[in-house]
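Letter by letter, the chains look like this.
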Amino acid sequence: MEKQNHHINWGLENPELKQPYGSVPDGYWASLEAAVQDRIHSEEAPADGPMSLWERTKSHVFLALSFCIIMGFGYGVMWLTGTMDQQDSVAGSGSWDLSALVEEGYIRSTAGDPYFSELLEREGDLFDGEELLLKCVDFDEANEMISQLNQMEIMDYLYE
Amino acid sequence: MTDREFLDLWQEEDRRNYAFNLLLRQYTQQLYWHIRKMVGDHDVANDLLQNIWVKVWKNLDGFRGESKLVTWLYTIATHETLSYLRKERLRSLLRFAAPEAASHLEASEDLDGERLKRKLQKAILTLPPKQRTVFVLRYFEEMKYEEISVITGTSEGALKASYHHAYKKIEQILKSMD
């Protein structure tokens, strides 16, 4: 059987050869535009280059700024209502609610303590070390030490 | 749309997308077939074409109109395709295998014209990348050597010689297939 391509012009001058060879999938040209746009938009974000100093610190600056605004607002309200003066007077007076602290057990009251009262009657006044000494040793021993030792020596003893 | 009309439209910030889409519609098929003839495969041609349009978008601000817009587009397309072919060649060398481009070609045509075109495409893929570029631009696009010289950055004399060699090779391959 004779070959079908017997009469084909194989020369490059054949104009049919200049036509595109192959095909593209259905709807390719229509979808290409959207695909290219998607690629462009997805590549544009990271293509902005390294972040500037402002971009890196922006969130921190805004956080600090909002904190300052809140503080400033609070300060302004206190200043307008006069609450700040009251706060200052309380803070400046140094007057703690001692009874509450004694009740909570943070400090021990010497008021009504018979040992303390007796010693106070005799000596007139006590310093911190002597009061502490009374809490550590019994009354007679403490009394004797107080009469014989000076303040520094009592402190050394307590330290040891 | 002329180059000037396009560039004027592109300069308007809010009409850039519109201008770009016009450009894409005008030249994308031309560029696609140029790439497809160089690589032989649709998927590769599609990837390259998309890369090329992204590059065009990114670099359009730098286009000064020193050459025709279409020449500039072909320059980007050709360089991108040559770069792919070089990498592909290197990959096949490392695998100790021949480039696979020709194997992508469809082989199911019954028509003589299609068979002929397939044989030509196979023959083109046997050419070295630079010769292939010159052959495709001159034979199919019928570009002047002057224009091909701008696209490839090669002298007109060298291009003429290159095309002559490519033409002879292709002719021989086609005759041997007869």
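Anything mentioned here points back to the structure above.
No experiment lies behind these values; they were computed from the predicted model shown. In this numbering scheme, every chain counts its residues from 1 along its sequence in written order. Chain A is the first chain written and ligand 1 is the first ligand written, with later ones labelled in order. Where totals are concerned, whole chains, interfaces and linings use all residues; where local detail is concerned, this predicted model gives features only for residues with pLDDT of at least 70, and gives and counts side-chain atom pairs only at 80 or more. To obtain the side-chain values, all non-hydrogen atoms of the structure were included, while hydrogens and water were left out.

Enquirer: Is there a simple way to think about the overall build of chain A in this case?
Expert: Broken down by element type, chain A carries eight helices and zero strands. We count a stretch as a helix when DSSP gives it H or I for four or more residues in a row; a strand needs E for two or more, and each element gets its number in order from the N terminus. The linear arrangement of helices and strands in chain A, starting from the amino end, is α-α-α-α-α-α-α-α. Long-range pairs, those at least 24 residues apart, make up 30% of the contacts in chain A with a sequence separation of at least 6. Reported accessibility uses the Shrake-Rupley method at a 1.4 Å probe radius. Residues are deemed covered only where the shown protein chains occlude them. Here chain A displays about 12,400 Å² of accessible surface, and carbon together with sulfur accounts for 58% of that area. The contact rule is simple, with two residues in contact once any of their heavy atoms fall within 4.5 Å.

Enquirer: Is there a simple way to explain the side chain of glutamate 147 of chain B in this structure?
Expert: Residues and elements named next belong to chain B. Looking at the element boundaries, glutamate 147 is found in helix α7 (residues 145–152). Relative accessible area serves as the criterion here: at 17%, glutamate 147 is assigned to the buried category. We define a polar contact as two N or O atoms separated by no more than 3.5 Å, with the added condition that, inside protein, one atom must be a possible hydrogen donor and the other a possible acceptor, whereas residues neighbouring each other in sequence contribute only through side-chain atom pairs. A polar contact is formed between the side chain of glutamate 147 and the side chain of threonine 71, at a distance of 3.1 Å. Sequence-distant contacts of glutamate 147, defined by excluding residues within four places in its chain, comprise Lys68, Val70 and Thr71. Residue exposure (1.4 Å probe, protein chains only): buried if accessible area is under 20% of the type maximum, exposed if over 50%, otherwise partly exposed.

Enquirer: Please clarify how the environment of histidine 42 of chain B should be interpreted in this entry.
Expert: When you line up the elements, histidine 42 of chain B lands in helix α3 (residues 42–59). Between the alpha carbons of histidine 42 of chain B and tyrosine 32 of chain B there is a distance of 9.0 Å; along the sequence they are ten residues apart. Setting aside residues up to four positions removed in sequence, histidine 42 of chain B forms contacts with Val24, Pro25 and Tyr28 of chain A together with Tyr32 and Arg36 of chain B.

Enquirer: Would you mind showing me how to read the nonpolar core here?
Expert: Nonpolar side chains in soluble globular proteins generally cluster together in the buried interior. Residues Phe20, Trp53, Val56, Leu60 and Phe135 of chain B are the most contacted members of the largest nonpolar core, which totals 61 residues. With eleven residues, the top contributor of residues to this core is helix α2 (residues 16–39) of chain B. The contact partners of phenylalanine 20 of chain B, leaving out residues within four places of it in the chain, are Val36, Gln37 and Ile40 of chain A together with Phe6, Trp10, Trp53, Val56, Trp57 and Leu60 of chain B. What is meant by a nonpolar core is a set of buried Ala, Val, Leu, Ile, Met, Phe, Trp, Tyr and Cys residues, joined one to another through side-chain atoms within 4.5 Å.

Enquirer: When you look at a nonpolar patch on the surface in this model, what are you seeing that I'm missing?
Expert: Together, Trp54, Val61, Phe62, Leu65 and Ile69 of chain A give the surface a local cluster of nonpolar side chains, amounting to about 510 Å² of exposed area. Here valine 61 of chain A lies in helix α2 (residues 53–81). Each patch is assembled from residues with relative accessible area greater than 30% and no salt bridge, linking like charges that lie within 9 Å and nonpolar side chains (Val, Leu, Ile, Met, Phe, Trp, Tyr) that lie within 5 Å. Criterion for a salt bridge: a side-chain nitrogen of Lys or Arg within 4 Å of a carboxyl oxygen of Asp or Glu.

Enquirer: Just to check I follow, could you spell out unusual backbone geometry for this structure?
Expert: Where the residue is not glycine, phi is negative for most of them; where a peptide bond is considered, it is trans in most cases. In this structure, glutamate 142 of chain B is a non-glycine residue whose phi angle is positive, near 55°. Structurally, glutamate 142 of chain B is set in the loop between α6 (129–140) and α7.

Enquirer: Just to check I follow, could you spell out the interface of chain A and chain B for this structure?
Expert: Much of the literature gives interface size as the accessible area that the parts lose upon coming together. Listed as interface residues are 30 residues of chain A and, on the opposing side, 43 residues of chain B. Across the interface of chain A and chain B, roughly 3,600 Å² is buried in total on both sides, 60% from carbon and sulfur atoms. Where chain A packs against chain B, one counts three salt bridges. Between lysine 18 of chain A and glutamate 142 of chain B there is a salt bridge, with its nearest N and O atoms 2.9 Å apart. Applying the counting rule to chain A against chain B returns ten residue pairs in polar contact (both at pLDDT 80 or more). Joining two parts hides part of their accessible area as seen by a 1.4 Å probe, and the buried area is that hidden amount summed over both.

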